[in-house]
Structure formats: C-alpha cells, structure tokens
Amino acid sequence: MIESNKMSDRPNAPTTAVTRSLPSPRLDRDDAAVTVIIVNYNTRELTLKAIETLLENAGDIAMRVVVWDNDSHDGSAEAIASAYPEIELIVSKENVGFAIANNRVAEMATSEWLLLLNPDTETYPDAVENLIAFGEANPSAGIVGGRTVFPDGSLNIASCWNRMTPWSMLCTVLGLNSAFRGSEVFNPEGMGSFKRDRVRHADIIVGCFLAIRTSLWRELKGFSERYTMYGEDADLCLRAIEMGYRPMITPDAQIMHLVGASSVTRADKLVKVYRGKATLIRDHWSSLTRPLGIALLKLQIASRYVGYGLKARLGKDDTAAKTWRRVWKDRRIILKGYDGD
C-alpha cells in the first residue's frame, strides 16, 4: 500500500519553485522531541509551502517530519521528494483518509510528542517550539493547540471549539449563533467573542495544529478510523476529556490556515462535516439525548435548505441554494453518520 521516499526512479519529476539553503539543522529522527505529521492530498504547492515555513519557523526544537501522501495525482509526491529529500515521505497507493494516515505514521513515532499539521498551513516563528513548551508546562491538558489566522492576518477561529450540546444546536437552528456571534450564551460552540488571544481550555483542538503526547495518543488508540473525514479530532479530544484531561489553547503558537483546501466542493465538505457531527452525537451523547441531537442536526440542514432556497427564489445568488439542496438530498446518509457506510 505504501512506498518510501526513495523516488529517484520516478521519471519526469516536476520541478518546484521552492529554493532553500542548507537543510534544517533541527531535523533529528532519533532524538526528536516531536514528530510532525503532514497528510497531503492533491495540495502540492500548499504542502511545499507548509514544509518550507515549518522548517524555517519551528523554533529551537528537534523534529522528525513525516509527510504521508494520500495517492495524490498532482505531482505532490515527486515535488516533495525533490525539494525536501531530508524529510520522510510515505506514498500511499490509495487515499486512506486523514485518520488512518495519521494513525499509521504515529505508530512509527519514538518522540515524546506528536504534532498534527495540515498541508494548507504556514508556520509562524517559534510556533512548534512554543506549542510543545506549553504542553510540557500544562500536563493536565493532554492535548494542546495554538492560534490560527487567515492569509491576511485576520483571526481564523477554527483552531478550537466547544462541543455540541442540545442548546448549542438549537442556537444554530434558530440562527442565534450567527445573530449573536460574540455571545458565549448564543454561540457556545464558537466560544463567543473569544479571539484566541489568551490561554484557555477548549473542548476541541482542531487537527490542523494539534499536539499530543505520544503516550496519550497510544492510550487513546489514536484517531477512531470510523471517521473518514471530519470529526476525528473532536472525538479524540472528547475521549481525552472522559479520561480527565482538559485540552488547552495558547496564543503564543500561531499558524496561518486556509481551511478546506482538500475538499472538492463546498457541498462535498458539508456532507462530510455533518456526517462527522452525526457520528459524534452517536458516540458521545447519552442514549436519552442522542435522538434529540440527530433531530436537531436534521433541523439545521433543513433550515438552511429552506432559507437559501427562499433567497434564490427572490432573485438572489442561488449558489448557496444549490449547495444546500445537495446536502438536503444526502440527509439520510448524513444522519446515519459514518456507521452508514
């Protein structure tokens, strides 16, 4: 299923615009403090930039960097092998998904920490060093994350969330989370007005930039491979919380994150996101509240299907209406979660 990073026998390897001086002196497979895992799927140029900024800006910390390529067909593997022969590249002959790819790489790790880093990210100065130091200073967190921004430097709140609850889902159905975005009461999952500018506990650290002790990862048995795409990081954090840990975020470790670069269409992404949500409800809600959660999830989808459909009939752009028609069409698959496969 996989090949190593020895790719010299591959003909016509694409060239890359990335130019660097000497390899990073902080790459150390045997004595690494952290194993950085990047899962790539058809994001060649973004992944090259992610590796470049990681090596330039990680800080004073010894790393092992492993890139898993999920059967990309855009020349990613050849370009990465050519530009960065000093890092480890695993080329899968099939797209096994995010959870399985991370699990397979983590099995090989000998470092004390694991760091999951998305390919559509750019690391800011000292981000990795600061994040691992924060994790060391807060062992009760178990899982730690940093602050994410968009390319223009504006805040990207999607570095952490609070868990879904009946109240948070009702707020989404009624649109209260959007109308009162800065409210902790009406936007509890988004954490209200929290600018990710101070240390704080959060239920969910997003897998775009997530650090966890390797020992805890193995105790949790890594990602649940039932989560094909989206929801696996939330499930991991919620299982850690059930063990008594309290995940945390620090503003001293910052990256840029584009979000969703590997998704083919917005509808494709939304179907996967909602399937993940349905699976989280089935896995982490009680038997009494689970039917309510699934019903509220259906209402969330229905409210957007109806709302954007009405806007389209009024002559407004129907792009969103088309997206939500597709999501509504797939509602039965969505509501079964990943158990429906």
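Residues numbered from 1 in each chain as written. Predicted model: local features only at pLDDT ≥ 70, side-chain atom pairs only at ≥ 80, totals over all residues. Heavy atoms only, no water.

Student: Tell me about the packing of aromatic side chains, and name the residues and values.
Tutor: Within the structure shown, the criterion is met by seven aromatic pairs. Seen from their ring centres, tryptophan 217 and phenylalanine 223 are 5.0 Å apart, and the 70° between their planes marks the pair as edge-to-face. This pair shows no difference in class: tryptophan 217 is buried, exactly as phenylalanine 223 is. An aromatic cluster of at least three residues, connected via ring pairs, comprises Phe98, Trp217 and Phe223. (Phe/Tyr/Trp six-rings, centres within 6.5 Å; stacked < 30°, edge-to-face > 60°. Buried < 20%, exposed > 50% of the residue type's maximum accessible area, 1.4 Å probe, protein only.)

Student: Lay out the packing of helix α9 (residues 266-284) against helix α10 (residues 290-313) in plain terms, naming residues and giving numbers.
Tutor: Interaxial distance between α9 and α10 falls to 9 Å at its minimum, and their mutual angle equals 160°. When the interaxial angle is binned, α9 and α10 end up roughly antiparallel. In this structure, the crossing between α9 and α10 has a hand that is right-handed. Two secondary-structure elements touch here, α9 through Tyr274, Lys277, Ala278, Ile281 and Arg282 and α10 through Arg290, Gly293, Ile294, Leu297, Gln300, Ile301 and Arg304. (Axes fitted to C-alpha atoms, helices over the stretch in contact; angles between N-to-C directions. Helix = DSSP H or I, 4+ residues; strand = E, 2+ residues; numbered from the N terminus. Parallel < 35°, antiparallel > 145°, perpendicular 65-115°, else oblique. Left-handed = near helix turned anticlockwise from the far one by under 90°. Contact = heavy atoms within 4.5 Å.)

Student: Any details on helix α5 (residues 166-174)? Residues and values, ideally.
Tutor: Every buried residue belonging to α5 is among Ser168, Met169, Cys171, Thr172 and Val173, and all of these are buried. Where the residues of α5 are buried, they touch α6 (176-179), α9 and α10. In the segment just after α5, glycine 175 is the residue with positive phi, at about 80°.

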